[in-house]
Amino acid sequence: PVICRLHSYEAFGELPAQVNWANVDHLVFVAEHIRTMFFNRWPELRESLFPKTSIIHNGLDLAKFTFRERQPGRRVGCLGFVNHKKGMEGLVDVAFQNPDLEFHVAGEFQDGHLAMWFEDVIAYMPNIWWHGVIPPERKDEWLDTIDYLISPSITESFGFTIAEAAAKGIKPLVRQRPGVRDLWPAEWIWLHPGEFRSVL
């Protein structure tokens, strides 16, 4: 059997038009809203392909993360690959409106223009620190240095760092975007920078 897994970025692209779907026995999506988006974009495939689809959510190996009870604090972390969909402008807006909080950002830029913009902006933002790339073997240790995890992305309903932070007892602060309310508690989700503080 041929089992295919499809992500949102593939559904937004032209790749599905190049697939011979008759050769695919089953198609897996990580979330319902991605399956809906796929069939809205490719409606001609719905009748033949929809019965051969399923949702398998992302998972996490909890043994890799040390859980402990947390207290409120001031250190807000952001970790992961950094590209246009990660919503760094939203993070900067939140940091600007909350100067009493520290924002610690780590990861790897995937866009040189965004990296140049971010480096310039944080030179004027005394409450944002850039930590660079955190190797996988140091992720658990780095997460231990923060009190909250902000996920300012404009997409990605799951977001592994959200689950990883929660596995450590760190409260995630998740920007509203398609699919997040299907996966995460409402008290973790903020719609706009002005609402961030009430979620915190």
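Residues numbered from 1 in each chain as written. Predicted model: local features only at pLDDT ≥ 70, side-chain atom pairs only at ≥ 80, totals over all residues. Heavy atoms only, no water.

## Here we look at the packing of helix α4 (residues 88-97) against helix α5 (residues 112-122)
Now for step 1: Between α4 and α5, the least distance of the axes is 11 Å, while the angle of their chain directions is 10 degrees. Classified by the angle their axes make, α4 and α5 are roughly parallel. Contacts between α4 and α5 involve Met88, Glu89 and Val92 from the former and Leu114, Trp117, Phe118 and Val121 from the latter.
Now for step 2: Grouping the constituent residues of the contact of α4 with α5 by class yields 6 nonpolar, no polar and 1 charged. (Axes fitted to C-alpha atoms, helices over the stretch in contact; angles between N-to-C directions. Helix = DSSP H or I, 4+ residues; strand = E, 2+ residues; numbered from the N terminus. Parallel < 35°, antiparallel > 145°, perpendicular 65-115°, else oblique. Contact = heavy atoms within 4.5 Å. Nonpolar A, V, L, I, M, F, W, Y, C, P; charged D, E, K, R; others polar.)

## What about the sheet that holds strand β4 (residues 75-82)?
Now for step 1: Taking strand neighbours across the sheet as the criterion, the 6 strands line up as β6-β5-β4-β7-β8-β9 in an open arrangement whose pairing is parallel. Edge positions in the open sheet fall to β6 (128-130) and β9 (189-190), since each of these has one partner strand only.
Now for step 2: Pairing geometry for β4 and strand β5 (residues 102-109), over 8 bridges, is parallel. Bridging from a neighbouring strand, Leu79 pairs with Ala106 of β5. (Pairing = 2+ DSSP bridges.)

## Structural notes on the sheet that holds strand β1 (residues 3-6)
Now for step 1: Within the open sheet, the 3 strands sit side by side as β1-β2-β3. Their pairing is parallel. The open sheet has two edge strands with one neighbour each: β1 and β3 (53-55). For this sheet the average axis-to-axis angle between neighbouring strands, irrespective of direction, equals 25 degrees.
Now for step 2: Of the pairings in the sheet, the one linking strand β2 (residues 26-29) to β3 comprises 3 bridges and is parallel in character. Bridging from a neighbouring strand, Leu27 pairs with Thr53 of β3.

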